[in-house]
Amino acid sequence: MNTDLYKSLLERYHNWVIASADTVVEESKEREKLCERVRSYTSDNLLSLTEEGLYDLMANLWAMRLWGNKQYYVNEVIKNNGMELLRHQLHNLLYGQADIVKRWDDFRNKVKGIGPAIMSELLCKLYPTQYVLWNSKAYNGFIALSIPKVPKSNVGIDGKRYAYLSEVGRELIAKAQEWGYKEINDLMALDYFIWQEMQDIAPTAITVDKSDTVEISKKEEKFTHNDIRDMIKEIGNLLGFNADVEKKVADGAVVDAVWEVLIGNMGRVIYVFEVQTAGSIDSLILNLMKAKTNNKAVQGIVAVSDEKQLEKIKKEAASLPIKNDIRYWNYKEVIDVYNSLSSAFESINRLGLVPDGIK
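Throughout what follows, the structure given in this document is the object of discussion. Residue positions are given per chain, counted from 1 along the sequence in the order it is written. With the structure being a predicted model, the display of local features is reserved for residues of pLDDT at least 70 and the display and counting of side-chain atom pairs for 80 or more, all residues being used for whole-chain, interface and lining totals. Computation of side-chain values: all heavy atoms of the structure, hydrogens and water removed.

### Re helix α2 (residues 21-39)
We apply this condition: Put simply, DSSP H or I for four residues or longer makes a helix, DSSP E for two residues or longer makes a strand, and each gets a number counted from the N terminus. Take the residue count of a helix, subtract one, and multiply by 1.5 Å to get its expected span. Only protein chains enter the area calculation, which uses a 1.4 Å probe; residues under 20% of their type maximum are buried, those over 50% are exposed, and those in between are partly exposed. Starting at the helix axis, one direction is taken to each C-beta atom, and the arc is that of these directions. The contact definition used throughout considers only heavy atoms, calling two residues in contact when any of these lie within 4.5 Å.
Along its 19 residues, α2 runs 26 Å from first to last C-alpha, staying within 8% of the 27 Å computed at 1.5 Å per residue. Turning to α2, its buried residues number three or more, namely V24, R31, L34, C35 and V38. Down the axis of α2, the buried set is contained in an arc of 100 degrees. They therefore lie on one face. Seen from the buried face of α2, the exposed residues on the opposite side, beyond 90 degrees, are D22, E26, K29 and K33. Against the buried residues of α2 lie α1 (3-19), α4 (51-59), α8 (116-126) and α11 (187-197).

Now the structure itself:
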C-alpha cells in the first residue's frame, strides 16, 4: 500500500473537514438518514417484502442515481427474478447465518440485474463496521493507494474477493485511527473520504510480485460475464433502446444482450451482443452467425471480451461469411462507457426533469 499517499490525503481531508464543518455535518446527517432507511428493513420486513417495499429499499441507494426512472429498473428486477426469490436472497445476503463469502456468491448466482454496487451498499449501510461499499469510486481509491490483489475492474468480484476488500477497508480505518484521524471511524466514513479526496488522483502503478498476483476464480469469470452483459443492457436503456438480456433472436440463438429500436420505415432494428469471459469461442461465433443469418432485423452483431480473446475470435471468424459483419468491443471499454454514462445521467437526473413514471 502507498502509505505516504494515504497519510497525505488523510491530512488534506482532515483540514477540509475542519474548514467545511457545516457541510460535513449536513452531509453526514443525510448519509445517516439513508443508512437508517436500509436498517429499517429488519429480517422480518425482508421476509414479507412487497414490490412497493423493494422500490423503497432500492430507490434511495446511491447506486440508483443514474436512473431517472427508478421504477422501471425495479420493475425489470422483479420481472427477471420474481418477488419470492428476491425476498429470500435479500434476506439471506443481509441476515443469513453463513459467512459473507457464501451469502455473496449465492446472491450473485441466483439474482439477475443486481450487482456488486447495490449489494455492497446495502451491506455497508447495514453493517458499516464490517463491509466495504464497493463501486467504481472505491475501485479508483484502492487502485490509487496501490492496494494489492485488487481485481482488474470493479465488476465480477466473488464472495472471497469481497471479503478481502472489506478486510482491507477495516485495515485502512485502523491505520487512520492509529495516526489520529478519528473522523475515519467506519466504512461509511471511509467511503466519504474516498469520494471526497481520491477521484481525481491518477492511479499509481501497482507493483505486482508473485504474492500480489490477482488470480481470477471461475466464479469471478462467470460474475464478470454477467456484470458486463448487464452493463451492455443498461447502456442500451440509457441510450434509448429497448434492451434485454438472454434473449432469443432466432432459431438456436439465445444471445447475451440485445438493443432494439423502431426506425421509421425500416421497422424493427436489433443489435446483438455476445460476451466472452470463458468457455467456447465457437459457441459465441455460432450464436452471432445464427442471429445474423436467421433474423433479418439483426443489423449489428458484436463480440465482447478482453483484448486477447477478441484477437482469437477474429482469427476464428476470418474464414466465415460473417467475418465483415462482426464488431469487436473490449469489455474494459464497456465498463468505461457505462461509468461515463452513469456519471452523465446522475448529473442530469439531479435536475429532476424525468418523472419516475416515464420510461
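That was the structure; now back to the text.
### Description of the sheet that holds strand β1 (residues 242-250)
Convention followed: Only when DSSP finds a minimum of two bridges between them are two strands counted as paired. Between N-to-C directions, angles cover 0 to 180 degrees, with each direction set by a line fitted to C-alpha atoms, over the stretch in contact for helices.
Overall, mixed pairing links the 5 strands, which are arranged β1-β2-β3-β4-β5 in an open sheet. Lying at the two open borders of the sheet, with one neighbouring strand each, are β1 and β5 (326-330). Adjacent strand axes in the sheet meet at a mean angle of 35 degrees when their direction is disregarded. For strand β3 (residues 267-275) and strand β4 (residues 298-305), the ladder comprises 6 bridges, and the chain directions are parallel. Bridge pairing links E274 to A303 in β4. Its contacts with the sheet put helix α12 (residues 218-238) on β1, β2 (253-263), β3, β4 and β5, and the angle it makes with β1 is roughly 110 degrees. Strands β4 and β5 of the sheet are contacted by helix α14 (residues 307-317), whose axis makes an angle of about 170 degrees with β5.

### What about unusual backbone geometry?
The residue S146 is not glycine, and still its phi comes out positive at about 55 degrees. Looking at the element boundaries, S146 is found in the loop between α9 (136-144) and α10 (159-178). On the basis of relative accessible area, S146 is assigned to the buried category, the value being 15%. A positive phi angle is found at K149, which is not glycine, with a value near 60 degrees. Following the sequence through the fold, K149 ends up in the loop between α9 and α10. On the accessibility criterion, K149 (34% relative accessible area) is partly exposed.

### Regarding the nonpolar core
Here is the rule: The term nonpolar core refers to a set of buried residues drawn from Ala, Val, Leu, Ile, Met, Phe, Trp, Tyr and Cys, joined through side-chain atoms within 4.5 Å.
I114, W134, F142, F193, I228, I232 and V304 are the most contacted members of the largest nonpolar core, which has 89 residues in total. Of all hydrophobic cores here, the second largest spans 21 residues; its members include A253, V255, A317 and I322.

### Details of the environment of Y164
Mapped onto the fold, Y164 is located in helix α10. Y164 sits 14 residues away from V150 along the chain, and the two C-alpha atoms are 9.2 Å apart. Once residues lying within four places of it in the same chain are set aside, the contact partners of Y164 are I147, P148 and K149.

### Describing the pairing of β5
Applied cut-off: By convention, orient the strands away from the viewer: a clockwise path from the first strand over the helix to the second makes the crossover right-handed.
Sheet topology places β4 next to β5; 5 bridges connect them, and they run parallel. Looking at β5, one finds that A303 is bridged to Y328. Once the chain exits β4 it traverses α14 before rejoining the sheet at β5, and the crossover so formed is right-handed.

### Remarks on the packing of α1 against α11
Put simply, the rule reads: Here roughly perpendicular refers to angles of 65 to 115 degrees, roughly parallel to angles under 35, roughly antiparallel to angles over 145, and oblique to all remaining angles. As a working rule, the residues Ala, Val, Leu, Ile, Met, Phe, Trp, Tyr, Cys and Pro are called nonpolar, Asp, Glu, Lys and Arg charged, and the rest polar, with Gly in that last group.
The N-to-C vectors of α1 and α11 enclose an angle of 90 degrees; their axes lie 11 Å apart at closest approach. Our classification of the angle between α1 and α11 gives roughly perpendicular. Within the contact between the two elements, α1 uses Y6, L9, L10, R12, Y13 and W16 and α11 uses L190, Y192, F193, Q196 and E197. Of the residues contributing to the contact of α1 with α11, the split by class is 8 nonpolar, 1 polar and 2 charged.

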